[in-house]
Amino acid sequence: MSQPLFEKLALVGIGLIGGSIALAARRAGLAEKIVAATRRAETAGAANRLKLVDHCGTDLAAACQDADLVIVCTPVGACGEAARAIAPVLPPGCILSDVGSVKQAVIAAMRPYVPPGVHFVPAHPVAGTENSGPEAAFTELFDGRWTILTPLPDSEPAAVDRLDAFWKGLGSLTQRLDPADHDRILAITSHLPHLIAYTIVGTADDLGGHLNSEVLRFAAGGFRDFTRIAASDPTMWRDVFLNNREAVLEVLARFQEDLFYLQRAIRWGEGDKLFDLFTRTREIRRALIHLNQA
Ligand code: NAP
């Protein structure tokens, strides 16, 4: 158990990420009191039944009263509205953060509502599963995974250090990045792979007649891994693509070029081109395993 870093942690939104923060914070004793608020009574009921937090209600502002750390854990498209709702009660000195998978758009949406004296330090845990809701939360989600902090030029260094210590306490490795760099990096490492998975599974589903059912029967040939990613939460991922539009469209254009290169190599029987690429990509997988991020 660590010394509590915060007296009251308030989570706005309590699904996979909010719930896992609550569980990991309790494991490490990072906050004396942990509360949450969410949009629907049904979700609040589940969070209370699962004892994820000391109390979960549906009044976002009430949950944030007297909190010294507030983390917005809603889909990206709802972060601005959440910030607007809680802003009037945020006490001076409190740290306001989020977990959104896109940083520039979330900062633009939340920043206008941050009251003077409140430290806004955006963050993104690069950890997740395809499951959502409070039932999907688990204590170990962040263990050994990276959390990226994207402080603003005017973020107070002591507040950034405190949030950094909090995420380390949750089990994360931490790294600070510029928000624009974050969005470009995540576009290629996370957003594009999800887009590809959604496309492949959609294409397979569009295959007519008996082929469609045979695809499911023989899914073990690689398709299965795509179906897991393509089962990710539709609201979350709609919001990610709408809010990281430029970076996603940029990597998508490059990806399409590379795909045409492979298409051409296959058409003209240029096996050496295929072999060279596949050899290079195999090394990338080995490097990931070496970094313990596979
Ligand atoms: P989730 O399990 O679906 O939970 C979302 C929570 O936000 C629920 O409590 C939900 O409330 C609430 N919510 C949804 N719409 C809302 C609205 N309009 N106003 C207020 N509350 C609202 O989602 P999650 O996977 O935890 O993701 C939360 C955030 O973490 C997203 O920004 C996502 O980009 C980011 N993130 C996700 C992952 C991942 O793999 N899932 C990884 C890293 C970061 P109700 O159920 O009450 O409607």
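Residues numbered from 1 in each chain as written. Predicted model: local features only at pLDDT ≥ 70, side-chain atom pairs only at ≥ 80, totals over all residues. Heavy atoms only, no water.

**Student:** I'd like to hear about the site of the ligand, residue by residue, with values.
**Tutor:** Near the ligand you find 25 residues, and of these Thr38, Thr43, Thr74, Ser101 and Gly133 are the closest. The contact in question runs from an oxygen atom of the ligand to an N or O atom on the backbone of Thr74, over 2.7 Å. Between Ser101 and the ligand, the recorded distance is 2.6 Å, taken from a side-chain N or O atom to an oxygen atom. Going through the elements one at a time, helix 1 (16-28) and strand 7 (123-125) are the ones with two or more residues in the shell around the ligand. (Near = heavy atom within 4 Å. Polar contact = N/O pair within 3.5 Å; in protein donor to acceptor, adjacent residues only side chain to side chain. Helix = DSSP H or I, 4+ residues; strand = E, 2+ residues; numbered from the N terminus.)

**Student:** Please provide a residue-by-residue account of the sheet that holds strand 7, values included.
**Tutor:** Spatial ordering of the open sheet is given by 7-8-9, a layout of 3 strands whose pairing is mixed. At either end of the open sheet lies a strand with only one pairing partner, and these are strand 7 and strand 9 (173-176). Here the average twist between neighbouring strands, direction ignored, is 20°. Bridge count between strand 8 (residues 146-149) and strand 9: 4 bridges; the pairing is parallel. In the strand pairing of strand 9, Thr147 is matched with Thr174. Lying over the sheet, helix 6 (residues 157-169) contacts strand 7, strand 8 and strand 9, oriented at roughly 150° with respect to strand 9. (Pairing = 2+ DSSP bridges. Axes fitted to C-alpha atoms, helices over the stretch in contact; angles between N-to-C directions. Contact = heavy atoms within 4.5 Å.)

**Student:** Break down unusual backbone geometry for me, citing the residues and quoting the values.
**Tutor:** A positive phi angle is found at Lys51, which is not glycine, with a value near 55°. Phi at Asp66 takes a positive value of approximately 65°, unusual for a residue other than glycine. Examined against the element boundaries, Asp66 turns out to sit in the loop between helix 3 (60-64) and strand 4 (69-72).

**Student:** Can you lay out the pairing of strand 4 for me, pointing to particular residues and giving the numbers?
**Tutor:** Here strand 4 shows no split at all, with Leu69 and Ile71 on one side and Val70 and Val72 on the other all buried. Looking at chain direction, strand 1 (residues 6-12) and strand 4 are connected through 4 bridges and run parallel. Counted as the bridge partner of Val12 is Val72 from strand 4. As defined by bridge partners, strand 4 adjoins strand 5 (residues 95-98) across 4 bridges and the pair is classed as parallel. Each residue of the ladder has a partner; that of Val70, found in strand 5, is Leu96. For the crossover from strand 4 across helix 4 (residues 79-86) to strand 5, the handedness is right-handed. (Buried < 20%, exposed > 50% of the residue type's maximum accessible area, 1.4 Å probe, protein only. Right-handed = clockwise from strand over helix to strand, strands pointing away.)

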